[in-house]
Amino acid sequence: MPETAPEVDESSFRVWAPGRVNLIGEHTDYSGGLVLPVAIQHGIRLAARRREDDIVLESEGHGRAETVPADGGGPRAWGWARYAQAVAAELADAGRPAVGLTGTISSDLPPGAGLSSSAALEVALALALCAVAGFELQPLDLALLCQRAELRAVDVPCGILDQAACLLGSDEHAILLDCDSLEHRLIHVPAGAGLLIVDSGVPRSLENTAYGERRSELEQALRLVGADRSTEVEADALARLDGVAKRRLRHVVTENERVRRFAAALESGDLAAAGVVLCESHVSLRDDYEVSIPELDELVELAMETGALGARLLGGGFGGSVLVLARAEELEEVGRATAARYRERTGSGGNPLRVRASSGARLVRSG
Ligand code: GLA
């Protein structure tokens, strides 16, 4: 008897969109500075199937399905459905035909840890909506579109870091990205570099923090020195400023330099030098940019006491996690000891999570 081909549903597929860990280059993206993120092995999965009318999404663990029109129109959605509506509306502006989908979202990103679950969700939805409509955008155009969707959905004027990391990620590599020209190149992360995040137990959400305030303070400082982007500010321009403007701009100018030094240290395999740069970044984020909180400072100190090469707060700050760099063979013990001591003092948080530089968002299976 001739074998019959298994029945294949041509219209169903899956999308994978990872979270990110920014190795260094914090609060530099929205002034056209430098960043060095990795996409990680944790993220968001979306199983989807084309349908003609609406976008109907279920999220595992979030109860009932949400429906938004395929062109992102209609009354303003709430909760996580805001992201679907905003992505669909941005795609409609970019010319995507209004084709709907039915999808189920699942995530293994710890919520509130600062691993960019919202960017991963935006990218997953954008890739799925493009796929059902046969519409294509280049990865960086898609990243810019998702960045606009974040602003539309929750009014957060974020930079391009999270969405670019999610789309450009590559196994064993970090992405050195100039956020003005969007030029980027991959930097190999040596196998001996162990990366870990440890969560403070203080949930982070950019919506309720001074993120927007920091951004306007920095833009004001850039205006004062007559610069459009932070990488063109000369050291002597800083001398003309004082107070908040000086501190905010000094962080960004020195952080751009730290990104270069960190990338060079990775390329030459000098992990001790990379660790020193991470600690300098934390001090600058704490004192000049003022986005740390005592819990994050404490985690950094504990990590250093337990044998880390370097540590610093991760992402926007005001909560979330710290990034810890340690020699790969010592990473487990550093994570265990840091977390245990932190929990002893605070009674919460302190969940170590080992992260690996991993590949970026993609359609996993079609048909
Ligand atoms: C958040 C934003 C990013 C970036 C970081 C800080 O993650 O979404 O665009 O500004 O904070 O580096």
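Refer to the preceding data block for the structure.
Please read these numbers as outputs of a predicted model, since none were measured by experiment.

Trainee: Help me out: how do you make sense of the sheet that holds strand S9 (residues 310–313) in this one?
Mentor: In a beta sheet, neighbouring strands pair by backbone hydrogen bonds and run either parallel or antiparallel. Read from one edge to the other, the open sheet built from four strands follows the order S9-S10-S8-S11, with strand pairing classed as antiparallel. Two strands bound the open sheet, and with one partner strand each, they are S9 and strand S11 (352–355). Going from strand to strand, the sheet's axes swing by 25° on average, the running direction of each strand aside. Here strand S8 (residues 193–199) pairs with S11 via four bridges, running antiparallel. Counterpart to Ile-197 in the pairing with S11 is Leu-353.

Trainee: Explain a negative patch on the surface to me, please; I cannot follow it from the model alone.
Mentor: A surface patch of negative charge is lined by Asp-228, Glu-232, Glu-234 and Asp-236. The residue Glu-232 is located in the loop between helix H5 (211–224) and helix H6 (235–238) in this model.

Trainee: It is not clear to me how H5 should be interpreted in this structure. Could you clarify?
Mentor: Because an α-helix completes one turn every 3.6 residues, residues spaced three or four positions apart along the sequence face the same direction. Spanning 14 residues, H5 covers 20 Å between terminal C-alpha atoms, matching the ideal 20 Å at 1.5 Å per step. Those residues of H5 not exposed but buried are Tyr-211, Arg-214, Arg-215, Glu-217, Leu-218, Ala-221 and Leu-222. Buried residues along H5 cover an arc of 165° about the axis, so they all sit on one side. Buried residues along H5 sit against helix H7 (243–267). Within two residues after H5, Gly-226 carries a phi angle of roughly 70°, on the positive side.

Trainee: So what exactly am I meant to see when it comes to the site of the ligand here?
Mentor: Near the ligand you find 14 residues, and of these Glu-26, His-27, Asp-29, Asp-162 and Tyr-211 are the closest. Contacts to the ligand include His-27, whose backbone N or O atom sits 2.7 Å from an oxygen atom. Contact between the ligand and Tyr-211: an oxygen atom at 2.6 Å from a side-chain N or O atom of the residue. Calculation on the ligand without its partners gives an accessible area of 310 Å², and the protein chains cover 99% of this total.

Trainee: Is there a simple way to think about the packing of helix H3 (residues 139–154) against helix H4 (residues 161–168) in this case?
Mentor: Packed helices, taken two at a time, are described by their axes: the angle between them and the distance between them. At a minimum axis distance of 8 Å, the contact between H3 and H4 shows a crossing angle of 145°. The element H3 and its partner H4 pack so that their crossing is right-handed. The residues of H4 that touch H3, namely those facing Pro-139, Leu-140, Leu-142, Ala-143, Cys-146, Gln-147 and Glu-150, are Gln-163, Ala-164, Leu-167 and Leu-168. Among the residues forming the contact of H3 with H4, the class breakdown is eight nonpolar, two polar and one charged.

Trainee: Whenever I open this one, the pattern of salt bridges confuses me. Can you help?
Mentor: Between side chains of opposite charge, pairing is possible as soon as their charged atoms come close. Inspection of the entire model under this criterion finds 24 salt bridges. One continuous salt-bridge network, built from bridges that share partners, spans Glu-213, Arg-214, Glu-217, Arg-247, Arg-248 and Glu-290.

Trainee: Got a minute to help me understand the side chain of Thr-338 in this structure?
Mentor: Tracing the backbone shows Thr-338 in helix H10 (residues 331–346). Those residues in contact with Thr-338, other than ones at most four positions away along the chain, are Leu-299, Leu-302, Ala-303 and Thr-306.

Trainee: I'm lost on unusual backbone geometry in this one. Help?
Mentor: With the exception of glycine, the majority of residues adopt a negative phi angle, and the majority of peptide bonds are in the trans configuration. Although it is not a glycine, Ser-116 sits at a positive phi angle of roughly 65°. For Ser-116, the location among the structural elements is in the loop between strand S5 (100–107) and helix H2 (117–133). With relative accessibility at 5%, the residue Ser-116 sits in the buried group. You will see that Leu-182, though not glycine, has its phi angle at about 65°, which is positive. Positionally, Leu-182 belongs in the loop between strand S6 (173–178) and strand S7 (184–188).

Trainee: What is the right way to read the packing of aromatic side chains from this model?
Mentor: For any two aromatic rings, the description comes down to two numbers: the centre-to-centre distance and the angle of the planes. Per the counting criterion, the structure on display carries one aromatic pair. When the centroid spacing of 5.5 Å and the interplanar angle of 70° are considered together, the rings of Tyr-30 and Tyr-211 count as edge-to-face. Of this pair, Tyr-30 sits in the loop between strand S1 (12–24) and strand S2 (34–51) while Tyr-211 sits in helix H5, and the two are 181 residues apart along the sequence. Take Tyr-30 and Tyr-211: they sit in the same class, and that class is buried.

Trainee: Would you mind showing me how to read the pairing of S5 here?
Mentor: Where a strand is regular, its side chains alternate between the two sheet faces. By the bridge criterion, eight bridges tie S2 to S5 in an arrangement that is antiparallel. Bridge pairing in S5 links Arg-45 to Ser-106.

Trainee: So what exactly am I meant to see when it comes to the packing of helix H1 (residues 81–93) against H2 here?
Mentor: Contact pair H1 / H2: the axes reach a minimum separation of 9 Å and the direction vectors enclose 50°. Regarding the angle of H1 to H2, the classification is oblique. The two elements H1 and H2 cross, and the hand of that crossing is right-handed. Residues Tyr-83, Ala-84, Val-87, Ala-88 and Leu-91 of H1 lie in contact with H2, whose contacting residues are Ser-118, Leu-121, Glu-122, Leu-125, Ala-126, Leu-129 and Cys-130. Residues of the contact of H1 with H2, tallied by class, amount to ten nonpolar, one polar and one charged.

Trainee: Explain H2 here, please?
Mentor: Taking 1.5 Å of rise per residue, the 17 residues of H2 would be expected to cover 24 Å, and the 24 Å separating its terminal C-alpha atoms lies within 8% of that figure. One or two positions beyond H2, positive phi appears at Gly-134, with a value near 60°.

Trainee: Can you walk me through the environment of Asp-270 in this structure?
Mentor: Along the chain, the position of Asp-270 falls in the loop between H7 and helix H8 (271–287). On the basis of relative accessibility, which here comes to 37%, the residue Asp-270 falls in the partly exposed class.

Calculation rules
- Residues numbered from 1 in each chain as written.
- Predicted model: local features only at pLDDT ≥ 70, side-chain atom pairs only at ≥ 80, totals over all residues.
- Heavy atoms only, no water.
- Pairing = 2+ DSSP bridges.
- Helix = DSSP H or I, 4+ residues; strand = E, 2+ residues; numbered from the N terminus.
- Axes fitted to C-alpha atoms, helices over the stretch in contact; angles between N-to-C directions.
- Patch = residues over 30% accessible without salt bridge, like charges linked within 9 Å, V, L, I, M, F, W, Y side chains within 5 Å.
- Areas by Shrake-Rupley, 256 points an atom, 1.4 Å probe, with all protein chains shown as cover.
- Salt bridge = Lys/Arg side-chain N within 4 Å of Asp/Glu carboxyl O.
- Lys, Arg positive; Asp, Glu negative; His and termini not counted.
- Charge placed at Lys NZ, Arg CZ, Asp CG, Glu CD.
- Expected span 1.5 Å × (residues − 1).
- Buried < 20%, exposed > 50% of the residue type's maximum accessible area, 1.4 Å probe, protein only.
- Arc of directions from axis to C-beta.
- Contact = heavy atoms within 4.5 Å.
- Near = heavy atom within 4 Å.
- Polar contact = N/O pair within 3.5 Å; in protein donor to acceptor, adjacent residues only side chain to side chain.
- Left-handed = near helix turned anticlockwise from the far one by under 90°.
- Nonpolar A, V, L, I, M, F, W, Y, C, P; charged D, E, K, R; others polar.
- Phe/Tyr/Trp six-rings, centres within 6.5 Å; stacked < 30°, edge-to-face > 60°.
- Parallel < 35°, antiparallel > 145°, perpendicular 65-115°, else oblique.

Function-wise, these values are silent; they only describe arrangement.
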